[in-house]
Amino acid sequence: MELFTNGIGLSAVVFFPLISAFVITLIPKAQEQLIKRFALASSLITFVLSAILLFQFDFSSAEKLQLGNKISWIKSINANYEIGIDGISLPLLVLSTFITVLAIIYSLEHLPEPKSPKGFLALILVLETGMNGTFVALDLILFFVFFEIVLLPMYFMIGIWGDKTVRTVSGFKNQIETRLYASIKFFVFTLFGSAFMLLGFLGLYYRGNKTFSIPELIELGTSGAFTGTFATLVFAVLFLGFAVKVPMWPLHTWLPDAHTAAPTVGSVLLAAILLKLGSYGFVRIAIPILPEQAKAWAPAIAILSAIGIIYGSLACLAQTDLKRLIAFSSVGHMGFVMLGIASLTPIGINAAMIGMVAHGVITGLLFFLSGSMAHTYHTRDMGRLGGNMKLLPKTGALLGFTAMASLGLPGLAGFWGEFMALLGAYNPLDGLNTTVFRTSMVAGAIGTVLTAGYLLWMLQRVNLGEPSDEWSDKDLHDADFYELSAWIPLVILTVLIGVFPKLIFGATNDAVIAMLSKAFGG
Amino acid sequence: MIVQPVLVVAAALFSLGIYGILVRRNAVMVLLSIELILNSVNINFIMFDTMLADAMMQGQIFTIFIITIAAAEVGIGLAIVLMLFRNRQTANINEFDLMKW
Amino acid sequence: MVNFTTTIFAEGELIYTDGGLLAQYAWLLVLLPFVAALIITFMGKHLPLKGAEVALATIGLIFLYSSALMYSHITSGVVNEFFINVGSIGVFDIEFGWVVDGLSIMMYFVVGTVALLVFIYATNYMEGEIRYTFFFTSLTLFAGSMLVLVSSPTLIQILIGWELVGVCSYLLIGHYWEKKDNSSAAMKAFITNKIADVGLMIGIIILALNTGTLRISEILYQATHEYEKLSTVAFIAAILLFIGAMGKSAQFPLHVWLPDAMAGPTPVSALMHAATMVTAGVYLLARMFPFYKSMAPDALDIVMLFGVITLLAAGLIAVVQDDLKKVLAYSTVSQLGYMVAAIGSGAYTAALFHLWTHAFFKALLFLGAGSVIHAVHSNSMLEMGGLRKVMPKTFATFIIGTVALAGLPPFAGFFSKDEILASFNHEGEITFFFIAVLGAFITAFYMTRAVSLTFLGEYRGHGHPHESHNLMTTPLLALSVFAIASGWVNIPGVYTGFTDWVTTRKNKIVEYHPESFDLFALSSGLLAGLLGIALGYYLYQLQGSAETGDDKIKIQPIWSVLENKYYLDDFYFKYVIDPVKINISRAVDKFNTNVIDRFVNGFGQIASLLGGIVYNNFDQNGIDKLLNMSSSGTDSFGGKVKLLQTGKTQQYLMMFLGGVVTISLLILFII
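Residues numbered from 1 in each chain as written. Chains lettered and ligands numbered in written order. Predicted model: local features only at pLDDT ≥ 70, side-chain atom pairs only at ≥ 80, totals over all residues.

Chemist: In this structure, what is going on with the overall build of chain B? I would like to understand it.
Modeler: Looking only at helices and strands, one finds three helices and zero strands in chain B. Of the regular secondary structure in chain B, the N- to C-terminal order runs α-α-α. Here chain B has a C-alpha radius of gyration of 17 Å; the compact-globule value for 101 residues is 13 Å, and the former is much larger. Counting the 101 residues in chain B, one finds 10% classified as buried. The contacts in chain B between residues at least 6 apart in sequence include a share of 49% that link residues at least 24 apart. (Helix = DSSP H or I, 4+ residues; strand = E, 2+ residues; numbered from the N terminus. Rg over C-alpha atoms; globule rule 2.2 N^0.38 Å. Buried ≥ 20, exposed ≤ 12 C-beta atoms within 10 Å, placed from the backbone. Contact = placed C-beta atoms within 7 Å.)

So, in structure tokens, the structure goes:
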């Protein structure tokens, strides 16, 4: 498999979806079946390619960047097309290609209004290129390009296929269409963050021997090239860029709106992959390049994460909108991921890695389910739902299962991220303030109770009880073949990771330990 | 060769033609006035040809050209006037302002 | 993958074996229920007994396997543990596995036996009920989760089993989820446990990070060898683990979920109260006992204090209950108080012995109560009475259970309760000793009250109750045998096999164990039990009906305090749950929309305002105006000039002439 060792395989995983999207635009609009089949086939091929990468990947040296390549790209600024994967990016890359396949399977029969498979599927594939590219890019400019590519398809998905209801927005006099407000807020918010991030990249470029290469910058950073106010500022702007994407409290408010307004597949991809770009940025760029600054900022990140966990859970308790509740739960869960990262220990960052994958799988599934239910019932108001177990038994059972997974039930995927993050936070890196971290840990542990509280309350309101009369004469359809084939793989994955976390730790552990020992010594 | 009187005659003929074009209302008369102008030019051509004793007789050849063109022009002009008269029952040139903005 | 390391820190004085194949395949105990649950879920509805046969077969196999293990353990002693690495994180190895030693084998046997009888009972009890198949799925999972917990050689697997048990209890308590009360009870159970789990979780984290391992046997080894790093955090870790145990084992003030859990079907209550869920806390304390004993003796005092408070407080509430199942539920809480207090007093064997006997006679009592409820279609004892005539088998077995619980010889409860009292007496905790004796009196009293109201006197309910089906009475009979005989395995001075069973562990158990009967404790306990029965019989039989009996002891305001369960639920709802659920969460949501979001929107507004100013004043009225003026000027000029275009040929010619003349004049006179 020569092709996979010299980077062509990896590039194919990134660009094949983009080429397919282009081909889709050439197919006449009327040939819907062809478009759908083609999109499914290309996403499957991408997934198979990434699965081959999985076999080509040398797990015994997971800390090394592998299967990559470096080609000169923009000579005048020394930006290169430099790609590669290690144990940190591999699970996320495979998750990304996997979730995209499921998203397309779901979209085959469940397109949001206005139905236009051509545009929608092409956008999903473009989005996949952005996501995959971000996970393999090893050059800051390349990273930035992919990081931004992701915005456009998502913007259009929310803006065109989003929720058409009209709502009032605090501070505005006139009512606004939800999808417009959400899509613009999402776009501008994220762009705001990444604009600062770009500034940080440029700062690193000029101080760091005019290179954008991440491995080279890591070497420079760990040898102490970036110090003083400059480095603090650079970390601050990188933090801003990544924290918006995660999102961390208090930069999270785009998330509930975007999720609520987005079409089902949009919120699935948003929750499953897009949020991970931010936390991945911390692990890949911010911490290894600026270790001392990361250490200085770690307590602040831990506090913000702890606030995010508690705050997100409390906000969930006040929601009446099913999708909005799940969106807020993401704030809490990503708080655990960031708490793990802030601890700067192998345990904490491994916890963050498995937390990211688990959140992708579980919250992705939750959005699939809630989106499908919103489509069936034409409402997301939990006050009107109820007795879902009676009306849609399959969906209801899966919702119950997924809610249990989401509240961190041991034996399912969500547990490891939560528990290990707390474990990491108890003993942070030497020299960090343990009081702050242990307080955050206790807050996180209380957060697990609140998480259980709102998810069970949600189940009680949505799943249990007698269905209200308004549904008695409605013709409600339970999950069909396409929905089940998109959901069951996620259920299986949730159980597998839960029972056998080595699936993730096996890849991440060595890479994380190597990254941290390089950054902090020992 | 007496040049001056001939030039005066030609100039008078030209002026008469101009006058006719500007003043006459009847389209036929306007066409006739144009003939007058052309002929005044012809007189000038012949007069200068004679005076210069051109071996190639360019002045006279030009005159013959002009006469031919004038004939064609009058033919077309009269045809237009005829068509206008048929449609409008008048040949009064003031009644025709089709070229107005 | 499987790590067959045996006996790293073997210290037990007893001779034991590694258990051979029987121990190596003990993972079947854990795995079988989960496989069975999958089979029942996907194929159960198509089977002739709707999945119950799969559940029965599985639990039967577990019973046989655990009996075999028990036999092997009694004859030769088995201690072994097995690990499977499921991932490494930093320096930590995350391991699952299974442990076969005295403690876990005893638990396997209890779970296997009680679960088998409850399953048999449930096939008939639940017949025709809604979601019959799913009920067996959950019930099998419930037993399986408990086996995950008790088979755990690592703290992480304990946590997994711990919460799986919680989820299964959620499913089972909320079995009739059409009614909101039931789903609320299920939620209450889960959340209360989850709150306690925070303690367990943090406790595990502290232990793991200060010992560098998650293996229980290694932690206990460090604890018994005075590892300094561990000893600095021992007290706090011990307390945190105990908080976890308080949730599952329903210790005051986290016991509130257990009585509400009666919303579930009766077989669930029987299983939960006897073998699976509430014993988990006691099991954890017993499993970690060497750690408590050698490193956190102060924590043990606190454990004992809570145990004693619980046994008295819950016993008193049981007196005022009218719901038969709730009497038994509070009785369970009270008995758990005994077990926890026993651990606290350092009597490891006594606590487990009481767990062992209690499992059988409480299962018997619950199944008996279920039989009664099945017959009269009501939980309220006020609608029962006189059932001894129509339900003789149920009555007889219920009496056996009652006497066992009240602690009369030679029934099981007598021996175990006596051993607990003896250890209190031995430790010199005289106050606690007398409270425990008082508890025994109360226990005997409320059980006599329950029996009187249910079985004696005249029938007060509706319809014509009749004896239950054989499938329900047979388990009752089987359990009565245990309720009588299970106490005979640990009689001081006669036969103390049980002590040897449960102390045969990898880590040495140092505890108080009575070598002979403590006559003071024995006579106090027996006297208290007899007095309680006598008082109960006097008030509720000799004095007449239920109402008159209650009237005699309705001393206000104690009665209403007890009826309101010390106002604990009200307190939780008023000061904890409602504020969080309503006030705080709404405030946070408001904060989110009105502060943070308004801030964000405010940015948007300022931007749009600035944009408006720039757009209107500079762009529209500045640059654009100039541009528009140039075009409108051209337009109006053209409008004026066009008037020259009259279309009249002669005017054109006039102008033409004028032009020629002008130009000619210009040429003539200027150039």
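From this point on, the discussion continues.
Chemist: Honestly, the overall build of chain A in this entry has me stumped. Any pointers?
Modeler: Looking only at helices and strands, chain A has 21 helices and four strands in total. Rg of the C-alpha trace for chain A: 22 Å, near the compact-globule value of 24 Å for 522 residues, within the 12% margin. Taken along the three principal axes of its C-alpha coordinates, chain A extends 70 × 55 × 50 Å. Of all 522 residues assigned to chain A, the portion counted as buried reaches 63%.

Chemist: Would you mind going over the interface of chain A and chain C with me for this structure?
Modeler: The accessible area lost on association of the parts is a frequent measure of interface size. In this assembly, 44 residues from chain A lie in contact with 46 residues from chain C. Of all elements in the fold, only α13 (291–317), α15 (346–377), α18 (413–426), α19 (434–462) and α21 (502–520) of chain A reach the threshold of two or more residues within the side of chain A that touches chain C. Sorting elements by how many residues they give to the side of chain A that touches chain C places α19 of chain A first, with nine residues. Classifying every residue of the side of chain A that touches chain C by side-chain character gives 29 nonpolar, 13 polar and two charged. (Nonpolar A, V, L, I, M, F, W, Y, C, P; charged D, E, K, R; others polar.)

Chemist: Explanation requested: the interface of chain C and chain B in the structure shown.
Modeler: Contact with chain C, which involves ten residues of that partner, is made by ten residues of chain B. Grouping the constituent residues of the side of chain C that touches chain B by class yields three nonpolar, five polar and two charged.

Chemist: Where do I start with helix α18 (residues 392–406) of chain C in this structure?
Modeler: Helical geometry: 3.6 residues make up each α-helical turn, so side chains three or four residues apart lie on a common side. Residue and element names in this part refer to chain C. Over its 15 residues, α18 extends 21 Å from the first C-alpha to the last, a length consistent with the 21 Å expected when each residue adds 1.5 Å. Counted residue by residue, α18 has eleven buried out of 15 residues, so it is predominantly covered. Just past α18, the residue G407 takes up positive phi, approximately 85°. (Expected span 1.5 Å × (residues − 1).)

Chemist: Any chance you could explain helix α14 (residues 322–343) of chain A here in plain terms?
Modeler: Residues and elements named next belong to chain A. The terminal C-alpha atoms of α14, which comprises 22 residues, lie 32 Å apart, in line with the 32 Å expected from a rise of 1.5 Å per residue. Of all 22 residues in α14, 22 are buried, a share of seventy percent or more. Directly after α14, the chain includes L344, whose backbone phi takes a positive value near 60°.

Chemist: Teacher, can you tell me more about the pairing of strand β3 (residues 92–100) of chain C here?
Modeler: A regular strand places its side chains on the two faces of the sheet in alternate fashion. Burial runs high along β3 of chain C: eight of the nine residues are buried. Remark: two residues form the turn of the hairpin made by strand β2 (residues 80–89) of chain C and β3 of chain C, two consecutive strands paired antiparallel; G90 of chain C in that turn has positive phi of roughly 60°. (Pairing = 2+ DSSP bridges.)

Chemist: Explain the packing of helix α2 (residues 27–43) of chain C against helix α5 (residues 132–150) of chain C to me, please; I cannot follow it from the model alone.
Modeler: Angle between the axes and distance between the axes: these two values describe a pair of packed helices. Residues and elements named next belong to chain C. Put simply, α2 and α5 touch, their axes get as near as 8 Å, and they point 165° apart. The orientation of α2 relative to α5 falls into the category roughly antiparallel. Here α2 and α5 pass one another in a crossing that is left-handed. Between α2, through L29, V30, P33, F34, A36, A37, I40 and T41, and α5, the contact on the second element is made entirely by T133, F136, T137, T140, L141, A143, G144, L147 and V148. Here the contact of α2 with α5 is composed, by residue class, of twelve nonpolar, five polar and no charged. (Axes fitted to C-alpha atoms, helices over the stretch in contact; angles between N-to-C directions. Parallel < 35°, antiparallel > 145°, perpendicular 65-115°, else oblique. Left-handed = near helix turned anticlockwise from the far one by under 90°.)

Chemist: Looking at this structure, how should I read unusual backbone geometry?
Modeler: Most peptide bonds take the trans form, and the phi angle of most residues other than glycine is negative. Cis geometry marks the peptide bond from V246 of chain A to P247 of chain A; its omega dihedral reads -10°. Residue P253 of chain C is bonded to the preceding F252 of chain C through a cis peptide linkage, with omega at 5°. With respect to the secondary-structure elements, P253 of chain C resides in the loop between α9 (228–248) and α10 (257–260). For N78 of chain A, which is not a glycine, the phi torsion comes out positive at approximately 60°. Looking at where N78 of chain A falls in the secondary structure, it is placed in the loop between β1 (66–74) and β2 (79–85). Overall, the presence of 16 C-beta atoms within 10 Å leaves N78 of chain A in the partly exposed class. Located in the positive-phi region is A53 of chain B, a residue other than glycine, with phi close to 55°.

Chemist: Would you explain the arrangement of the chains in this entry?
Modeler: The protein chains that touch form two pairs of chains, and the pair with the most contacts between them is chains A and C. At the level of C-alpha atoms, the two units chain A and chain B stay apart, their nearest approach being 49 Å.

Chemist: Sorry if this is basic, but what is going on with the nonpolar core here?
Modeler: For soluble globular proteins, nonpolar side chains are generally found buried alongside one another. By size, the foremost hydrophobic cluster in this structure holds 438 residues, and its most contacted members are A363 and A436 of chain C. The element that contributes the greatest number of residues to this core is helix α16 (residues 348–376) of chain C, accounting for 20 residues. Those residues in contact with A436 of chain C that sit more than four places away from it in its chain are V308, L311, Y338, A341, I420, L421 and F424 of chain C. In terms of nonpolar packing, the next biggest core, distinct from the first, is built from five residues, I21, A27, L31 and I93 of chain B among them. (Core = buried A, V, L, I, M, F, W, Y, C linked by C-beta atoms within 7 Å.)

Chemist: Please explain the packing of helix α14 (residues 297–320) of chain C against helix α20 (residues 430–455) of chain C as it appears in this structure.
Modeler: Residues and elements named next belong to chain C. Between α14 and α20, the least distance of the axes is 9 Å, while the angle of their chain directions is 25°. In terms of axis orientation, α14 runs roughly parallel to α20. Classified by chirality, the crossing of α20 by α14 is left-handed. Packed against α14, whose contacting residues are M304, V308, L311, L312, G315, L316, A318 and V319, the element α20 presents F432, I435, A436, L438, G439, I442, T443, F445, Y446 and R449 at the interface.

Chemist: So what exactly am I meant to see when it comes to the confidence of the model for chain B here?
Modeler: Detailed reading of the predicted model is not advised wherever pLDDT is low. Of the residues in chain B, 98% reach a pLDDT of 70 or more, and the chain-wide mean stands at 89. Scored as a complex, the prediction yields pTM 0.83 and ipTM 0.88. (pLDDT = per-residue confidence, 0-100.)

Chemist: Whenever I open this one, the environment of L220 of chain C confuses me. Can you help?
Modeler: Residue and element names in this part refer to chain C. Structurally, L220 is set in helix α8 (residues 216–224). The exposure class assigned to L220 is buried, which follows from the 25 C-beta atoms found within 10 Å. Excluding residues within four positions of it along the chain, L220 makes contact with P290, F291 and N507.

Chemist: Can you help me understand the pairing of β2 of chain A in this one?
Modeler: All names here are of chain A. With five of seven residues buried, β2 lies mostly within the body of the structure. Direction of pairing for β1 relative to β2: antiparallel, over a ladder of six bridges. From the neighbouring strand, I74 faces β2, where its bridge partner is A79. In sequence, β1 turns back onto β2 through a hairpin of four residues, with N78 there showing a positive phi of about 60°.

Chemist: Sorry if this is basic, but what is going on with the environment of F395 of chain C here?
Modeler: Residue and element names in this part refer to chain C. Checked against the element boundaries, F395 lands in helix α18. Judged by local crowding, F395 falls into the buried class, with 21 C-beta atoms found within 10 Å. Taking the C-alpha atoms as reference points, F395 and L471, separated by 76 residues in sequence, lie 16 Å from one another. Residues contacting F395, with those up to four places away along its chain left out, are L387, R388 and F455.

Chemist: Hey, could you run me through the environment of H175 of chain C in this one?
Modeler: Relative to the helices and strands, H175 of chain C is located in the loop between α6 (155–173) and α7 (180–211). Between the alpha carbons of H175 of chain C and G264 of chain C there is a distance of 6.1 Å; along the sequence they are 89 residues apart.

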